[in-house]
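Structural overview for review
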Amino acid sequence: MLDDIFDYMQNLREGPVWQSAPADVRQQFLQPLPRQGQSLEKTHESFKQNILPYAIGNAHPGFMGWVQGGGNPVGMLAEMLAAGVNANVGGRDQMPVEVERQITRWMAELFEFPSTATGIFVTGASLANLIGLWVAKTKALGQDTRKLGLHEDQRQLVAYTSAGAHACIKQAMDLAGIGTQHLRVIPMSTQFELDCEALRTQIQADRAAGFTPFFLAGTAGTVDVGAIDDLSQLADIAEEEKLWFHVDGAFGAMAILAPNIAHRLRGIQRADSIAFDFHKWLQVPYDAGFILVRNGQLHYDSFAAAAGYLRREQRGMAAGSPWPCDFGPDLSRGFRALKTWFTIQVYGAQRLGEVIQQTCDLAQYLKTKIEAEPNLELLAPVSLNIVCFRYRGSQSDLLNSRLAVALQESGIVAPSTNILPQGLAIRAAIVNHRTNAADIDALVSTALRLGAQIVEELAASK
Ligand SMILES: *Cc1c(COP(=O)(O)O)cnc(C)c1O
């Protein structure tokens, strides 16, 4: 198995980025529950034939869709070890909990948070953002709301984020029971950053109308174009208005490791909470999201609950309180910290920062190439590692949605799409450490070739 998967990783470039599984392969997964086992060899063979070739392809250097990390072999081996140990990292006196605490301390160091800051691994930034919002809610309404619920409180909480924020912020408002109608979506500047003047105006209007502003979510690296909000100014506003200042740094927060980019995150050090992923720019295998909270006591007070069967002791296996389960909704939790710890130990923060810089340099290279091609048009500023562009032509949205599909089906390069003010864009997010200049060249040349074909097809079908 190890030999096979290393071969796969080494030869990724030779296969297609992605291919859709044919019907006969899908058919294999409609079988009834096996009553008797079959050999490991046969099962592994089925994995090689029916699963491995039909993954989405984010490990492949030509993958540029959405914002997904490439993973790394060291993290993969650590996953195997973690599965062998089979640690349940909900709590108790065990070193796997200490590994997670070590990561928390490293992150506190990186973002200049106090040593009393707390943090836990979660599936991804979606859940991390929810936890940030949840702690802010406890801060705003008091611990009693955990018992009383929102309806007992006369105050109507309202939160703020930009139109460029990820949809999970809105979802967090829904899940927290505050309601998406109480999220104020503030417009963006031409640079796709939250408009701070519009934010101030909205907060005043809400206070005048009797609402209780409580939460401000800035974004470090928007998912659409990779913009970074003016976090310093947001921190000022949050301080003046006594709002919880949260940063969704799902991928962008890790740019703190890249010396030439880190200064653009200035202000993140003043956040009350930061949500981010190790599985994106840090290349840790999925899944590895993280939430860091400045006020550890408040974080604890937002989730900890006494239960007789989770009694704590000074000694014995039930020692070591507080436990990770006191800081989030999960009780049983896997050992996500190990693959993260291995990745950071083996490669070191500097080299991981260099990978982040490299993907941003490639984005600038792609930008320059697009600007030099009369048939291509850049649709947004290239702030980090995301490049939005389109092929010029009539029926632009149709043309470019077809082009994105054609690129994905080519197996050569795989961008995704998004909707910008000018219309549908092809969006190349360069996240994978394996991506190089040849992949960028392939994206441009394949887009030009397939784009010209689609223009002809559209003209013929008129
Ligand atoms: C990816 C992303 C998310 C969601 O993170 P998951 O790990 O997919 O849950 C949230 N915000 C931004 C800015 C992202 O890029």
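Residues numbered from 1 in each chain as written. Predicted model: local features only at pLDDT ≥ 70, side-chain atom pairs only at ≥ 80, totals over all residues. Heavy atoms only, no water.

Under an unreviewed UniProt entry, the name given to the protein chain is Aminotransferase class V-fold PLP-dependent enzyme, and the organism recorded is Undibacterium nitidum. What the UniProt record of the protein chain gives under Sequence similarities (unreviewed entry) is the line "Belongs to the group II decarboxylase family." (UniProt positions renumbered as here; feature names shortened; annotations may be inferred.)

The next thing to look at is the packing of helix α14 (residues 396–410) against helix α15 (residues 437–460). Running from N to C, α14 and α15 cross one another at 130°; their axes reach a closest spacing of 9 Å. Considering their axes alone, α14 and α15 lie oblique with respect to each other. As for the relative orientation of α14 and α15, their crossing is right-handed in sense. On α15, the residues that touch Leu-398, Leu-399, Arg-402, Leu-403, Ala-406, Leu-407 and Ser-410 of α14 are Leu-443, Thr-446, Ala-447, Leu-450, Gly-451, Ile-454, Val-455 and Leu-458. Split into classes, the residues belonging to the contact of α14 with α15 amount to eleven nonpolar, three polar and one charged. (Axes fitted to C-alpha atoms, helices over the stretch in contact; angles between N-to-C directions. Helix = DSSP H or I, 4+ residues; strand = E, 2+ residues; numbered from the N terminus. Parallel < 35°, antiparallel > 145°, perpendicular 65-115°, else oblique. Left-handed = near helix turned anticlockwise from the far one by under 90°. Contact = heavy atoms within 4.5 Å. Nonpolar A, V, L, I, M, F, W, Y, C, P; charged D, E, K, R; others polar.)

Per the counting criterion, the structure on display carries 21 salt bridges. For the salt bridge of Lys-280 with Asp-277, the shortest nitrogen-to-oxygen distance reads 3.4 Å. Like Lys-280, the residue Asp-277 is buried in the burial classification. Note that Asp-287 is salt-bridged to Arg-336, the shortest N-O span being 2.8 Å. Taken together, the residues Asp-287 in the loop between β7 (273–277) and β8 (289–293) and Arg-336 in helix α13 (residues 336–371) connect sequence positions 49 residues apart. (Salt bridge = Lys/Arg side-chain N within 4 Å of Asp/Glu carboxyl O. Buried < 20%, exposed > 50% of the residue type's maximum accessible area, 1.4 Å probe, protein only.)

With that out of the way, let us pick up the sheet that holds strand β6 (residues 244–248). The seven strands are arranged β2-β8-β7-β6-β5-β3-β4 in an open sheet whose pairing can be described as mixed. Only two strands of the sheet have a single neighbouring strand rather than two, namely β2 (118–122) and β4 (183–186). Averaged over neighbouring strand pairs, the angle between their axes works out to 20° when direction is ignored. Bridging between strand β5 (residues 212–219) and β6 involves five bridges; their strand directions are parallel. Bridging across to β6, Gly-218 finds its partner in Val-247. Running at roughly 165° to β4, helix α8 (residues 167–175) makes contact with β3 (157–162), β4, β5 and β6 of the sheet. (Pairing = 2+ DSSP bridges.)

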